[in-house]
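Spelled out, the chains give:
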Amino acid sequence: MPKLQLAITYLNRAFDEQNIDDLVDNRDAFAPGKQISSALKFVLPQELPIFKDVIAYVDSLPGGLQESIRSIVYHALSTSPPTRATFAWAPGYDFEMTVWQAPDTRQTPGGITVLLKSRYPDDPHPVSGRTSTRRRRS
């Protein structure tokens, strides 16, 4: 979980007011038909020790969730001005995603929020047939 939390910190930083324009320049990496995990190199520093783990986690998400996230990011970067987004992760039993969008007002910009829920990355789902990679403490 700490890996996901760190990755989400970078993702949220990339979508903040000071940095989102840099992402707009790489919007096509999130275009239809593109793989979301390939586009993460524009969000996460590739030298980050957890980079490969995060890519593996994103690749393990069901295809519908991957495509939904990619589509949300592409949309946010395609608006003028670009729409800021906030991402969060919480533990869950199955994969879930909740999305909401607050519209712009005369006083403040709106934004998109994406809440992703899943098992901890090393906690296999009971129906997967895999066993946990966690080490048990004595």
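Residues numbered from 1 in each chain as written. Predicted model: local features only at pLDDT ≥ 70, side-chain atom pairs only at ≥ 80, totals over all residues. Heavy atoms only, no water.

Would you explain the overall build of the protein chain in this entry?
The helix and strand tally for the protein chain stands at 5 helices and 3 strands. The 138 residues of the protein chain split such that 34% are buried. When the accessible area of the protein chain is evaluated, it comes to approximately 8800 Å², of which 51% is carbon and sulfur surface. (Helix = DSSP H or I, 4+ residues; strand = E, 2+ residues; numbered from the N terminus. Buried < 20%, exposed > 50% of the residue type's maximum accessible area, 1.4 Å probe, protein only. Areas by Shrake-Rupley, 256 points an atom, 1.4 Å probe, with all protein chains shown as cover.)

Explain helix α5 (residues 63–78) to me, please; I cannot follow it from the model alone.
The end-to-end C-alpha separation of α5 is 22 Å, in line with the 22 Å expected for 16 residues at 1.5 Å each. Where α5 is concerned, the buried positions are Leu65, Gln66, Ile69, Arg70, Ile72, Val73, Ala76 and Leu77. Projection of α5 onto a plane perpendicular to its axis shows the buried side chains occupying an angular sector of 160 degrees, all on one side. As for α5, its buried residues are in contact with α2 (20–24), α3 (36–39), α4 (51–60), β1 (85–91), β2 (96–102) and β3 (111–118). (Expected span 1.5 Å × (residues − 1). Arc of directions from axis to C-beta. Contact = heavy atoms within 4.5 Å.)

Help me understand the nonpolar core in this model?
In a soluble, globular protein the nonpolar side chains are often hidden away together inside. Counting 35 residues, the largest nonpolar core has Phe15, Phe30 and Phe87 as its most contacted members. Mapped onto this core, the elements with two or more residues apiece are α1 (2–14), α2, α3, α4, α5, β1 and β3. With 6 residues, the single largest contributor to this core is α5. (Core = buried A, V, L, I, M, F, W, Y, C linked by side-chain atoms within 4.5 Å.)

Before we go on, may I ask you to explain the sheet that holds β1 in this structure?
Paired through their backbone hydrogen bonds, the strands of a sheet run either parallel or antiparallel. If you walk across this open sheet you meet the 3 strands as β1-β3-β2, and the pairing is mixed. Where the open sheet ends on each side, the last strands, each with one partner, are β1 and β2. Across the sheet, the axes of successive neighbouring strands diverge by a mean angle of 15 degrees, strand direction being ignored. Inspection of the sheet shows β2 paired to β3 by 7 bridges, in the antiparallel sense. (Pairing = 2+ DSSP bridges. Axes fitted to C-alpha atoms, helices over the stretch in contact; angles between N-to-C directions.)

What exactly am I supposed to notice about the environment of Thr113 here?
Here Thr113 is to be found in strand β3. Exposure remark for Thr113: the relative accessible area of 18% places this residue in the buried category. As for Thr113 and Trp100, which are separated by 13 residues in sequence, their C-alpha atoms are 5.4 Å apart. Discounting chain neighbours no more than four positions away, the residues touching Thr113 are Thr86, Thr98, Val99 and Trp100.

What am I meant to see in the packing of aromatic side chains here?
Aromatic ring pairs are defined here through the distance separating the ring centres and the angle between the ring planes. Counting across every chain of the model gives 1 aromatic pair. A cation over an aromatic ring shows up here: Arg13 above the ring of Tyr10, its NZ or CZ 5.1 Å from the ring centre. (Phe/Tyr/Trp six-rings, centres within 6.5 Å; stacked < 30°, edge-to-face > 60°. Lys NZ or Arg CZ within 6 Å of the ring centre and 35° of its normal.)

Can you help me understand the pairing of β3 in this one?
Looking down a regular strand, the side chains alternate between one sheet face and the other. Burial analysis of β3 places 6 of its 8 residues in the buried class, the great majority of the element. Of the strand pairs in this sheet, β1 and β3 are connected by 7 bridges, and their pairing is parallel. Residue pairing in the sheet places Pro91 in a bridge with Ser118 of β3.

Teacher, can you tell me more about the confidence of the model for the protein chain here?
When pLDDT is low, close inspection of the predicted coordinates is not appropriate. When the pLDDT values of the protein chain are averaged, the result is 88; 90% of them are 70 or greater. Averaged pLDDT values over the elements of the protein chain bottom out at 88 in α1 and peak at 97 in β2. (pLDDT = per-residue confidence, 0-100.)

What is the right way to look at the pattern of salt bridges in this model?
Where charged atoms from two side chains of opposite charge come close, those side chains can pair. Under the defined criterion, the tally for this structure stands at 2 salt bridges. Between Asp53 and Lys3 there is a salt bridge, and its shortest N-O distance comes to 2.8 Å. In this pair, Asp53 is assigned in helix α4 and Lys3 in helix α1, connecting sequence segments 50 residues apart. For the salt bridge of Glu67 with Arg70, the shortest nitrogen-to-oxygen distance reads 2.6 Å. Pair noted here: Glu67 and Arg70 are both in helix α5, with a separation of 3 residues, about one helical turn. For Glu67, a relative accessible area of 37% corresponds to the partly exposed category. (Salt bridge = Lys/Arg side-chain N within 4 Å of Asp/Glu carboxyl O.)

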